[in-house]
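Working through the structure, step by step
Listed here are the chains, written in short residue letters.
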Protein chains: 2
Amino acid sequence: MNKMSKPKAIEFWFDFASNYSYLSVMRIEAAAARLSVDLRWRPFLLGPIFHSLGWSNSPFVLQKAKGDYVWQDMARECEKYRLPWTRPSTFPRASLLPLRVALLGAEQDWMGAYCRRLMSLNFVEDGEIDSREVLAQVLTQLGLPAQAILDEAASEANKLRLRQQTETAANRGVFGAPMFFVGDEMFWGNDRLDDALLRCTQR
Amino acid sequence: MNKMSKPKAIEFWFDFASNYSYLSVMRIEAAAARLSVDLRWRPFLLGPIFHSLGWSNSPFVLQKAKGDYVWQDMARECEKYRLPWTRPSTFPRASLLPLRVALLGAEQDWMGAYCRRLMSLNFVEDGEIDSREVLAQVLTQLGLPAQAILDEAASEANKLRLRQQTETAANRGVFGAPMFFVGDEMFWGNDRLDDALLRCTQR
């Protein structure tokens, strides 16, 4: 590795409904910063991806044995990463409006804090996240013009953008979340976040 | 942790057809020994488990995007663990007779070497493993009475035992491989092997 060369960027594809995305959302910004890796947030809708694979719901719901396992695994993983955890009473939670807002925030400096707050609502406080009221409160607490952002998030142009982002995910081979890209190389799951970040710093 | 207490045992459920089981087979014996953890080999047939979940084949075959990903991931994982790797030209490979032999070997001191040899045949040398000829050669090279072992492996009693072992897997919630148990606690995938071994040494 040329130590003077700039690390490659990491693309982070996620959905607020995804429990393994929770683990990555909570730690990716700090982890990328430690390695001076540029972080590109890529919110997308996981549901249509699952539908295109022939699944009517999350595999953690459709496959009972795997679903039972996942909640054990999440409790252990959160302990490993020292993250708080509450098994959500509704899973997967609707996340359409939060994702539309995230699309607007992706290039903004409030994106990390916004995403962590949404994930905490879902996976720590066990609260619904897909409502204007909840989002208005979150955005206001971040010191942002909540109503203007929510209006833009719900605009036809932005709705279309989220559909297009999700199509891009499908076209690039995304079949789950979280998914990371370093260039064209794909890494699946929070378990591969550290590998993906390391790849950013190689060659 | 009471440092004088004996670590718990780890159960290792695997199938020679499973590529992620390859990673664990190659490293589990040494890793368990380092922590003085008793290793209990639990060969089983993954195919009937997949069938019971409604899948006619491995999800890596049925889901094209995931399958494409898995072979990238395997190459990277093998590099990480410094293991040789060849993508098998047939996947998943038939593994019935090798598993029947493994059932006989599970309590024998040749089990580790036998399993590593079979996995190398499948995932390094890209060779078929489900034949008496191949197995006779492997067992002979290990200094074992190949014909006697193969006859016992193919006995009705041993065939029944493998079916029963597979039913036990299903009843305990096994939905993939490799799967590890520490007591009743389940850990899925080579990515969780180190966590499972650590759990053996706790409390």
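Description of the structure in this document. Values in this document were obtained by computation on a predicted structure and should not be read as measured data.

A negative phi angle is the norm for most residues apart from glycine, just as the trans form is the norm for most peptide bonds. Along the chain, A:Ala177 connects to A:Pro178 via a cis peptide bond; the corresponding omega equals 0°. Inspection of the secondary structure puts A:Pro178 in the loop between helix 9 (156-171) and strand 3 (179-182). A cis amide bond, omega -10°, links B:Phe91 with the succeeding residue B:Pro92. With respect to the secondary-structure elements, B:Pro92 resides in the loop between helix 4 (64-80) and helix 5 (96-105). If you check the backbone angles, A:Ser36 has positive phi at about 55° while not being a glycine. Note on placement: A:Ser36 falls in the loop between helix 1 (19-34) and strand 2 (39-43). Of note, A:Asp126 is a non-glycine position whose phi angle comes to about 55°, a positive value. As for its placement among the helices and strands, A:Asp126 is situated in the loop between helix 6 (111-123) and helix 7 (132-141). Of the residues examined, A:Asp126 reaches a relative accessible area of 25% and is grouped as partly exposed.

With that settled, consider the interface of chain A and chain B. Counting from both sides, the interface comprises 20 residues of chain A and, opposite them, 20 residues of chain B. Area buried by chain A at its contact with chain B is led by A:Tyr69, A:Arg76 and A:Arg192, which between them contribute 29% of it. Our enumeration of links across chain A and chain B arrives at 10 salt bridges. Across the salt bridge formed by A:Lys80 and B:Asp195, the nearest N and O atoms sit 2.7 Å from each other. Applying the counting rule to chain A against chain B returns 14 residue pairs in polar contact (both at pLDDT 80 or more). Of all the secondary structure elements, the ones that give two or more residues to the side of chain A that touches chain B are helix 4 (64-80), strand 4 (185-188) and helix 10 (193-200) of chain A. Take the side of chain A that touches chain B: its biggest share by element is eight residues, from helix 4 of chain A.

On to the pairing of strand 3 (residues 179-182) of chain B. Residues and elements named next belong to chain B. On strand 3, burial covers both faces: Met179 and Phe181 on one face and Phe180 and Val182 on the other are all buried. As defined by bridge partners, strand 1 (residues 10-14) adjoins strand 3 across three bridges and the pair is classed as antiparallel. In the strand pairing of strand 3, glutamate 11 is matched with phenylalanine 181. Two strands pair when backbone bridges link them, and strand 3 and strand 4 (residues 185-188) are joined in this way by four bridges, in the antiparallel orientation. Across the sheet, the residue bridging to phenylalanine 180 is phenylalanine 187, located in strand 4. Linkage of strand 3 to strand 4, two consecutive antiparallel strands, is achieved through a turn of two residues, within which glycine 183 is found at a positive phi near 60°.

Before going further, it helps to examine the packing of helix 5 (residues 96-105) of chain A against helix 8 (residues 146-153) of chain A. Residues and elements named next belong to chain A. At their nearest, the axes of helix 5 and helix 8 sit 9 Å apart, and the two run at 105° to each other. Taken together, the axes of helix 5 and helix 8 lie roughly perpendicular to each other. Residues Leu97, Arg100, Val101 and Leu104 of helix 5 pack against Ile149, Leu150, Glu152 and Ala153 of helix 8. Each residue belonging to the contact of helix 5 with helix 8 can be placed in one class, and the counts come to six nonpolar, no polar and two charged.

Attention now moves to the sheet that holds strand 4 of chain A. Sheet strands pair via backbone hydrogen bonds, and the direction of the pair is either parallel or antiparallel. Residues and elements named next belong to chain A. Judged by pairing direction, the sheet is mixed, and its four strands sit side by side in the order 2-1-3-4 without closing on themselves. The open sheet has two edge strands with one neighbour each: strand 2 and strand 4. If you compare each strand with its neighbour and ignore which way they point, the axes differ by 20° on average. Most of the contacts of helix 10 go to strand 3, to which it runs at about 15°, and overall it touches strand 1 (10-14), strand 3 and strand 4.

Parameters and conventions
Residues numbered from 1 in each chain as written. Chains lettered and ligands numbered in written order. Predicted model: local features only at pLDDT ≥ 70, side-chain atom pairs only at ≥ 80, totals over all residues. Heavy atoms only, no water. Helix = DSSP H or I, 4+ residues; strand = E, 2+ residues; numbered from the N terminus. Buried < 20%, exposed > 50% of the residue type's maximum accessible area, 1.4 Å probe, protein only. Contact = heavy atoms within 4.5 Å. Buried area = accessible area lost by both parts, 1.4 Å probe. Salt bridge = Lys/Arg side-chain N within 4 Å of Asp/Glu carboxyl O. Polar contact = N/O pair within 3.5 Å; in protein donor to acceptor, adjacent residues only side chain to side chain. Pairing = 2+ DSSP bridges. Axes fitted to C-alpha atoms, helices over the stretch in contact; angles between N-to-C directions. Parallel < 35°, antiparallel > 145°, perpendicular 65-115°, else oblique. Nonpolar A, V, L, I, M, F, W, Y, C, P; charged D, E, K, R; others polar.

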